[in-house]
Structures are given as C-alpha cells and as structure tokens.
Amino acid sequence: MTPSRRAVLAATPLASLAATGSAQSAPAVMISTWDFGAAANAAGVARRQAGGSALDMVEAGGRVAEADESNASVGLGGLPDRDGRVTLDACIMGWNGDIGAVCALEDVVHAVSVARAVMEKTPHTMLVGDGARSFAVDQGFPTQNLLTPRAEAAWREWLKTAEYAPRINSENADWRSMPGGPGNHDTIGLIAIGSDGHMGGACTTSGMAFKMRGRVGDSPLIGAGLYVDDEVGGATATGVGEDVVRVAGSHAVVEAMRHGMDPTAACRSVIERLARLRGTKVAASQVALLALDKQGRAGAFALQPGFTYAITAADGTTRIEQAGALFA
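Residues numbered from 1 in each chain as written. Predicted model: local features only at pLDDT ≥ 70, side-chain atom pairs only at ≥ 80, totals over all residues. Heavy atoms only, no water.

Pairing is mixed in the open sheet, where 5 strands are placed in the order 8-9-10-11-14. Looking at strand neighbours, the two that pair on one side only are strand 8 (226-229) and strand 14 (324-325), the edges of this open sheet. Sheet strands in contact with helix 8 (residues 249-258) are strand 8, strand 9 (233-239) and strand 10 (287-293), and its direction is about 145° off that of strand 9. The sheet strands contacting helix 9 (residues 263-278) are strand 10 and strand 11 (298-302), and the helix crosses strand 11 at an angle near 20°. (Pairing = 2+ DSSP bridges. Helix = DSSP H or I, 4+ residues; strand = E, 2+ residues; numbered from the N terminus. Contact = heavy atoms within 4.5 Å. Axes fitted to C-alpha atoms, helices over the stretch in contact; angles between N-to-C directions.)

Structure, rendered in structure tokens:
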C-alpha cells in the first residue's frame with residue numbers, strides 16, 4: 001500500500017493549515033475532497049464549534065464550494081453542459097438514513113441546501129430537473145444565472161472543436177491556475193462527525209464539463225457518490241462518475257470498513273475491484289474514494305496519482321494529504 005504523503009497546498013483561503021506532523025495523531029472530525037476542501041472544512045468546523053450538527057457541517061462546507069466562482073466543477077462558475085447550461089447535482093445523508101438529492105438543478109447556487117430541503121420537507125429522496133427547480137423556488141431559494149463570463153468563454157472555446165476528453169485531476173489543476181482553462185471533472189464530497197458523535201455527509205457538483213444534456217454521474221446517488229453509516233463511517237467519491245456507479249463505490253467502501261478494513265484499505269479494495277472489472281477502460285481515467293470511520297481515522301485511494309483531500313481536527317487544524325494510487 002502506498003502511504004499518504006503531504007501535498008503542497010498551492011492556494012487556499014484557509015489561514016491556518018497545520019504544521020508538519022502537528023495534527024497527525026488528532027482524530028478527524030471533517031474530511032473533504034481536493035485542495036479546495038480546506039476552505040469547506042473551515043466553514044464546517046466553525047458550524048460544529050457553534051453547536052451545529054454533522055449535517056450542518058457538511059452543508060456549510062458544500063455551500064462554500066458552491067459559491068466559489070473560481071471553482072469550475074461545483075456550483076456558481078461551474079462549467080456548463082454542451083448546450084451551454086449549468087446544471088447542478090447534490091445529495092446529503094444523515095446518521096439515521098435520512099437522505100435527499102437533486103439532479104440537473106438549474107439557476108440555484110446552493111444545490112446542497114436544496115437537497116437537504118428535499119430530505120427534510122418532502123416524502124421523497126430525489127427531485128430532478130424542472131421539478132427540482134420549482135421546489136427550490138417554492139422553498140424560497142433565490143435564482144440567478146449560474147453561467148459566469150469565465151465559464152461561458154471556456155464553453156465557447158470548447159465549441160470550436162467540441163472534443164470531449166476528460167483530464168485527470170482537473171479539479172485541482174484548474175482551481176489552482178485560476179483564471180486558467182476549462183476543467184472537466186466534478187464534485188466536492190464531505191464527511192463529518194458532529195460533537196454528539198453522529199455522522200453526516202454531502203456531495204455537490206456541476207458535473208463533467210460539456211457533458212451531454214441530462215447527464216448525471218455518481219454525485220447525487222446515495223451509495224455511489226456518498227454513503228454514511230453511523231455504526232461504521234462514511235465515504236465519498238470523485239472523478240469519473242460513471243465508473244463510481246459501476247461499483248457502488250461509496251457504499252462498497254463503508255461495507256469494507258464494516259468488515260474490519262481501515263479507511264485507506266477499504267478505499268483501495270474498491271479501486272482494485274473497479275480496475276479488475278474495467279481493465280484498460282479505466283487506465284487513463286481518475287476515480288478516487290475518500291473515507292472517515294467513527295474513530296476519526298481518514299483514508300483515501302485513487303486510480304491515478306494526484307488526488308488530494310483535506311482533513312480537519314476538532315480544533316480547526318487542517319492538513320492536505322495526497323492519496324496513494326493504483327497506477328502510480
């Protein structure tokens with residue numbers, strides 16, 4: 001097993017990243033995908049310290065990423081589908097199996113909050129498309145055009161060739177290089193432990209850039225992009241959603257932890273299963289899995305090198321780790 005190594009955080013609004021080794025032994029109370037997860041975790045842990053639940057933590061963290069125009073893969077500023085329309089997917093899951101999700105949501109920045117409203121205010125678990133938008137409006141969520149000038153310019157440049165070629169780890173590369181070129185992947189996934197010991201998770205995305213209209217990946221699908229079990233722990237996924245769905249990635253990680261694997265080993269076991277299943281079809285793709293168990297141990301594993309994740313302890317200290325990879 002390739003051990004995790006510290007990654008250099010090239011840019012973050014979070015002021016207090018932990019010094020080397022200072023938080024290594026502290027149990028994590030929140031984890032999230034990619035370098036930009038550091039800012040999301042800061043917001044989440046602030047909610048915890050103010051008495052918020054794990055659901056409050058992951059919703060607050062998701063909203064940070066959704067509102068960040070420099071993030072081309074989540075929320076406002078997300079790159080559009082090939083028709084030039086930004087559509088958002090999100091889900092949220094609580095410690096007792098409560099779930100909510102939205103797919104192909106337009107004109108509403110905070111898809112994670114709409115997903116939570118679906119969970120708490122309807123008898124359903126998922127709303128899609130126009131129905132999701134109508135529900136959000138009925139609940140008082142403001143509407144706006146999500147296609148920023150930068151994202152529109154990237155889309156118009158893409159139209160010159162209309163070539164669809166996903167790039168590995170673009171979530172980090174494009175966020176770091178702001179105002180750089182277009183990205184193509186998706187997702188911030190977040191798992192948290194509240195001060196009461198209960199867990200929650202969320203996942204929110206604008207999906208793959210220049211996707212076919214109507215495409216939905218793993219992010220809003222409970223068991224694929226996200227799964228939380230208060231007896232064991234939680235997991236989330238990022239990368240090519242179609243491949244995560246094939247192995248019910250997050251649920252499979254949680255079940256591996258239930259049978260005794262630590263978070264890193266559990267993530268690796270599912271990545272290896274995907275590689276056995278798909279062979280050369282995933283040789284140039286990225287899929288990464290991230291997990292947090294009930295003891296506050298975090299771990300991750302990916303198909304390709306370059307997947308990073310943020311780990312935050314109860315005192316707010318955060319570190320960025322780089323996951324091991326199968327094709328390192």
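Once the structure has been displayed, the description carries forward.
Attention now moves to unusual backbone geometry. Most peptide bonds take the trans configuration, and most residues that are not glycine carry a negative phi. Residue Phe-210 is not a glycine yet carries a positive backbone phi of 60°. Among the structural elements, Phe-210 can be located in the loop between strand 7 (199-205) and strand 8. Looking at Phe-210, the relative accessible area reads 5%, which means it is buried. Despite not being glycine, Ala-248 shows a phi value in the positive range, around 45°. (Buried < 20%, exposed > 50% of the residue type's maximum accessible area, 1.4 Å probe, protein only.)

In this structure the tally under the stated criterion is 20 salt bridges. The salt bridge involving Arg-213 is made with Asp-81; its shortest N-O contact spans 3.1 Å. With Arg-213 in the loop between strand 7 and strand 8 and Asp-81 in the loop between helix 2 (54-67) and strand 3 (88-93), this pair connects stretches of sequence that are 132 residues apart. Judged by relative accessible area, Arg-213 falls into the partly exposed class, the value being 35%. The residue Arg-85 makes a salt bridge to Glu-106 at a minimum N-O spacing of 3.2 Å. Of this pair, Arg-85 sits in the loop between helix 2 and strand 3 while Glu-106 sits in the loop between strand 4 (99-105) and helix 3 (111-121), placing them 21 residues apart in sequence. According to the relative accessible area criterion, Glu-106 is buried, its value standing at 13%. Bridged by salt links that share partners, the residues Arg-47, Asp-56, Glu-59, Arg-116 and Glu-120 form one connected network. (Salt bridge = Lys/Arg side-chain N within 4 Å of Asp/Glu carboxyl O.)

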